[in-house]
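# Geometric and topological summary
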4 protein chains.
Amino acid sequence: MKSGTILLTGFEPFGGEHINPSWEVARALDGEQVAGARVLAWQLPCVFGAALQSLAKALAQHQPQLVLALGQAAGRSELSVERVAINVDDARIADNQGSQPIDEAVIADAPAAYFSTLPIKSMVAALRVAGYPAGISQSAGTFVCNHVFYGMQHQLAGSAVRSGFMHIPLLPQQAALHPGQPSMALETMITGVRLALGVAWRVRNDVRQGGGTIA
Amino acid sequence: MKSGTILLTGFEPFGGEHINPSWEVARALDGEQVAGARVLAWQLPCVFGAALQSLAKALAQHQPQLVLALGQAAGRSELSVERVAINVDDARIADNQGSQPIDEAVIADAPAAYFSTLPIKSMVAALRVAGYPAGISQSAGTFVCNHVFYGMQHQLAGSAVRSGFMHIPLLPQQAALHPGQPSMALETMITGVRLALGVAWRVRNDVRQGGGTIA
Amino acid sequence: MKSGTILLTGFEPFGGEHINPSWEVARALDGEQVAGARVLAWQLPCVFGAALQSLAKALAQHQPQLVLALGQAAGRSELSVERVAINVDDARIADNQGSQPIDEAVIADAPAAYFSTLPIKSMVAALRVAGYPAGISQSAGTFVCNHVFYGMQHQLAGSAVRSGFMHIPLLPQQAALHPGQPSMALETMITGVRLALGVAWRVRNDVRQGGGTIA
Amino acid sequence: MKSGTILLTGFEPFGGEHINPSWEVARALDGEQVAGARVLAWQLPCVFGAALQSLAKALAQHQPQLVLALGQAAGRSELSVERVAINVDDARIADNQGSQPIDEAVIADAPAAYFSTLPIKSMVAALRVAGYPAGISQSAGTFVCNHVFYGMQHQLAGSAVRSGFMHIPLLPQQAALHPGQPSMALETMITGVRLALGVAWRVRNDVRQGGGTIA
């Protein structure tokens, strides 16, 4: 029997940074076996449009059964599992090609949003039990991260492939240059994402556990 | 010619509070003429399900052309215009009837999300120019506020009635009991909401102005 | 019998702002009778050295029995009663004359710090009971505010004149230009400071009530 | 020639925690040679009074030339080098013996404050250059950390022994139980404190580099 494939994407650096923790984590796990599946890392450009074209190529080429896209989130202190992607690009800064769309649809005439099809509550619960700061996020923003998350869910809707998005903090070396920003060690992120991937791969029926916000 | 009606809803107190700024603002504006339309205030219970039944009754009874629902958001410091409502109830605390749904749809087999149909960027721009702290929010949470926002957009989808949601800060007297929480004076909120309602009423084509978040 | 005088100082705008809430509050209360004492407002330049010379002139000219110096604190959401002034100038930005001292003593060969001689716990308690967001602060920073607070306590040490410092939030119109910053309405600040002045004037033995921070 | 000794203290767990990062870091570095000096770790009880007695015993027994006391600071995201200790105990929670002093002097009839005698700006500068999130803090709080910092500076005032305090973040496993709190990996803290100790040992004349706050 053919073993499964997990596609794990990370982004190239953006916003003036010289490193992106999402890609550092992805490439560190590249080739690993997690819960019987093989992890395949893929780097996405931080560019509206081109990021989704790159993702489509990865999906076609590797035919994964599960996809986790990672993205850097300055200001967040935990492994932040996203619940929902919305159909809007509203860029506060320019992407790596200089594009800065405002209030444009990711995909015209498509649904307003897609939910993650990963067991997000199980992932957070397992991470916390294992000692990782983790939580559910109700918004992936409106920049290239949400763009990729939305486009991925749209492309995979109705398929058997399950997919979702996780934001991760800055690395300590990035926070050193941005006083006051929380960070997380690369090793913590790598082992945490490895754990979350295993849970995502094995759990089909998510636990019913609170992860909401009041406002 | 018949003049228009704006429905302005606020919630009863919840979460141990004895007052809810959203209702204080709504009732203060009740009966006012704003940009030629008459404001009608309506109080919603902070109860899943019942809140939407109450809203439906208000819509049927008053036939407004525009609805702005207000909600209290502890921790926020500005007039926070919501962009999108999602189809999920995930209650961190019990509502006023003791109900605490987790990961249930607001409305089964309905779309994942609805966008506000108000000119949210114009509202924020006008508020800031006039000296009010204001911003776009990418998440209305997963409690009764989002529940009402989602249910309202679902009911009014395809109709000519435009609608949206605004979260507002705690009142100073509430923040006095929750050290560290930001607040806003009632008078600031009343005059700010009045201004935003006028903009919402008059502007049909929203301005193209950034209001996104990176993550 | 001669009635008493309260000196209430505020600063001129700094840091690119066109208004300073500390002066707006002070001048609004100028001439008022509070608890039998007359409030006298005095504006200080936001300049190291010159601010203390101006304060010394006010003290000599008006011979107050009590002094409350007010200062603007971006990022704070409450009426923030300072506990202690430290003998250091460490300016993150230049003052209004372009001076930016780093790790210099406010006054050479003087004590490391002075505590407020106002009943800070009573002031906070009274404010909270009356519905004002308020708290004790353990640091007045290291800019001109702390400079004035330290110099004032040094000059008045051993005298019968009691004195202290209160930081206050940005005005809403300032926060409108700095998205995410908390603010407070001018009216809330004026009435809150009036209340705090009355408590400061009347209370000689402060209440024993917690106002500490762990770290 | 006799080599030097650095005393590195950490606290026992408090406030319901089962681990204290300050002690984990101290004991990890126990016995190491740093810049030619030998690090000696010492655990302090999180108890007013007893902590200072324990520290006095360590100082008498080991005769260090330099002391760095470490403490846990929930809510902080960086290696936080304290500038000043103030002569007040104001406990928001009880210490590990149930004592909760309010507005009492650490040491009666002693100065209002003492500054760190370590090169705090050099320590922060070196940490940032090496990729560690770090900063100057203007307040060590009013709990047992500040109590130890103040008592230590008082005891060592006028001696040749240099001393100071550093607050460090929660460990990831602690933050996992306190959603939203920033954290730092133990390894990051250990290597960062090792670096800071080396700088503290070697640098006698601190760099003149900004580390202030406005308010």
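Predicted model, so just to flag it, every value in this text is computed and none were measured. (Residues numbered from 1 in each chain as written. Chains lettered and ligands numbered in written order. Predicted model: local features only at pLDDT ≥ 70, side-chain atom pairs only at ≥ 80, totals over all residues. Heavy atoms only, no water.)

What follows is about the overall build of chain A. Helix and strand counts for chain A come out as six helices and eleven strands. For 215 residues, the compact-globule estimate of 2.2 N^0.38 gives 17 Å, and chain A sits close to it at 16 Å. Projecting the C-alpha coordinates of chain A onto the three principal axes gives extents of approximately 45 × 40 × 40 Å. The buried share among the 215 residues of chain A stands at 63%. (Helix = DSSP H or I, 4+ residues; strand = E, 2+ residues; numbered from the N terminus. Rg over C-alpha atoms; globule rule 2.2 N^0.38 Å. Buried < 20%, exposed > 50% of the residue type's maximum accessible area, 1.4 Å probe, protein only.)

Now for the relation of the copies chain C and chain D. Two chain copies, one operation linking them: a rotation about an axis together with a shift along it. For the pair chain C and chain D, the relating rotation is 180°, the translation along its axis is 0.0 Å, and the fit reaches an RMSD of 0.0 Å. The operation mapping one copy onto its partner corresponds to a two-fold rotation axis. Every residue of chain C has its C-alpha some distance from the rotation axis, and the shortest such distance is that of Ala113(C), at 2.7 Å. In this assembly the copies share their binding face: 100% of the residues contributing to the interface of chain C also contribute to that of chain D. (Least-squares fit on C-alpha atoms with pLDDT ≥ 70 in both. Contact = heavy atoms within 4.5 Å.)

Turning our attention to the interface of chain B and chain C. Between chain B and chain C, the contact holds 17 residues from the first and 17 residues from the second. The largest contributions to the chain B side of the interface with chain C come from Arg128(B), Pro133(B) and Ala176(B), which together make up 31% of the buried area. Between chain B and chain C we count zero salt bridges in total. For the interface between chain B and chain C, the tally reads four residue pairs in polar contact (both at pLDDT 80 or more). By residue number, the principal contributor to the side of chain B that touches chain C is helix 5 (residues 172-175) of chain B, which donates three residues. Here the residues of the side of chain B that touches chain C sort into eight nonpolar, seven polar and two charged. (Buried area = accessible area lost by both parts, 1.4 Å probe. Salt bridge = Lys/Arg side-chain N within 4 Å of Asp/Glu carboxyl O. Polar contact = N/O pair within 3.5 Å; in protein donor to acceptor, adjacent residues only side chain to side chain. Nonpolar A, V, L, I, M, F, W, Y, C, P; charged D, E, K, R; others polar.)

This part is about the confidence of the model for chain A. Overall, the predicted model of chain A reaches an average pLDDT of 97, with 99% of residues at or above 70. Across the interfaces of the predicted complex, the ipTM metric reaches 0.96, alongside a pTM of 0.97. (pLDDT = per-residue confidence, 0-100.)

So, on to the pattern of salt bridges. The final tally for this structure, using the stated rule, is 32 salt bridges over all chains. Two residues, Glu104(A) and Arg208(B), come together in a salt bridge whose shortest N-O distance is 3.1 Å. Separated into two different chains, Glu104(A) in strand 8 (residues 102-104) and Arg208(B) in the segment after helix 6 (186-202) make up a pair that spans both. Residue class for Glu104(A) comes out partly exposed when judged on its relative accessible area of 35%. Look at Arg208(B) and you get exposed, because its relative accessible area is 57%. With its nearest N and O atoms 3.0 Å apart, the salt bridge here joins Glu24(C) to Arg27(C).

Here chain B sits on chain C after a turn of 180° about the axis and a move of 0.0 Å along it, with an RMSD of 0.0 Å. A shared interface surface links the copies, since 100% of the contact residues of chain B are contact residues in chain C too.

Let us look at helix 2 (residues 50-62) of chain C. All names here are of chain C. Between its first and last C-alpha atoms helix 2 spans 18 Å; for 13 residues at 1.5 Å apiece the expected length is 18 Å, and the two agree. Listed as buried for helix 2 are Ala51, Leu52, Ser54, Leu55, Ala58 and Leu59. For helix 2, the arc enclosing every buried residue in end-on projection is 160°, short of the 170-degree limit, so these residues lie on one face. In helix 2, the exposed positions angled more than 90 degrees off the buried face are occupied by Gln53, Lys57 and Ala60. Next to the buried residues of helix 2 lie strand 1 (5-11), strand 3 (37-44), strand 4 (66-72) and helix 4 (144-156). Gln63 occupies a position one or two residues after helix 2 and carries a positive phi of about 45°. (Expected span 1.5 Å × (residues − 1). Arc of directions from axis to C-beta.)

Time to look at the sheet that holds strand 3 (residues 37-44) of chain D. All names here are of chain D. Strand order in the open sheet formed by seven strands is 2-3-1-4-11-5-10, and the pairing between neighbours is mixed. The open sheet has two edge strands with one neighbour each: strand 2 (33-34) and strand 10 (134-137). Packing against the sheet, helix 1 (residues 21-29) makes contact with strand 1 (5-11), strand 3, strand 4 (66-72) and strand 11 (162-168), and its axis sits at approximately 150° to strand 1. (Pairing = 2+ DSSP bridges. Axes fitted to C-alpha atoms, helices over the stretch in contact; angles between N-to-C directions.)

Next up on the list: the arrangement of the chains. There is no contact between chain A and chain C; across them, the least C-alpha separation is 13 Å. Spatially, chain B is disjoint from chain D: no contact exists, and the shortest C-alpha separation is 13 Å.

The next subject is the packing of aromatic side chains. Scanning all chains against the criterion turns up 16 aromatic pairs over all chains. When the centroid spacing of 5.6 Å and the interplanar angle of 90° are considered together, the rings of Phe48(C) and Phe143(C) count as edge-to-face. Remark: Phe143(C) occurs in the loop between strand 10 (134-137) and helix 4 and Phe48(C) occurs in the loop between strand 3 and helix 2; sequence separation between them is 95 residues. One aromatic cluster is present, formed by Phe14(A), Phe48(A) and Phe143(A) through successive ring pairs. (Phe/Tyr/Trp six-rings, centres within 6.5 Å; stacked < 30°, edge-to-face > 60°.)

What follows covers the packing of helix 1 (residues 21-29) of chain B against helix 6 of chain B. All names here are of chain B. Between helix 1 and helix 6, the least distance of the axes is 9 Å, while the angle of their chain directions is 60°. Crossing handedness for the pair helix 1 and helix 6: right-handed. From helix 1, Pro21, Glu24, Val25, Ala28 and Leu29 reach across to helix 6, where they touch Leu186, Met189, Ile190, Val193, Arg194 and Leu197. (Left-handed = near helix turned anticlockwise from the far one by under 90°.)

On to the sheet that holds strand 2 (residues 33-34) of chain C, then. The strands making up a sheet associate through hydrogen bonds between their backbones, and the pairing can be parallel or antiparallel. Residue and element names in this part refer to chain C. As summarised here, the arrangement of the seven strands in space is 2-3-1-4-11-5-10, forming an open sheet in which the pairing is mixed. The open sheet is flanked by strand 2 and strand 10, the only strands paired with a single partner. Both strand 4 and strand 11 (residues 162-168) contribute to a ladder of seven bridges, which runs parallel. Counted as the bridge partner of Leu66 is Arg162 from strand 11. Where helix 3 (residues 120-129) meets the sheet, it contacts strand 4, strand 5 (79-82), strand 10 and strand 11, and its direction lies at approximately 160° from that of strand 10.

Note on interface size: it is often stated as the accessible area lost on association of the parts. Taken together, the contact pairs 35 residues of chain C with 35 residues of chain D. Counting each side, the surface lost to burial between chain C and chain D is near 2,800 Å², with a carbon and sulfur contribution of 61%. Ranking the residues of chain C by area buried against chain D places Arg208(C), Ile214(C) and Ala215(C) at the top, with a combined share of 23%. Counting the contacts that link chain C with chain D gives ten salt bridges. The interface formed by chain C and chain D holds 18 residue pairs in polar contact (both at pLDDT 80 or more) in total. Every element with two or more residues in the side of chain C that touches chain D is listed here: strand 6 (84-86), strand 8 (102-104) and strand 9 (113-115) of chain C. Residues of the side of chain C that touches chain D, tallied by class, amount to 15 nonpolar, twelve polar and eight charged.

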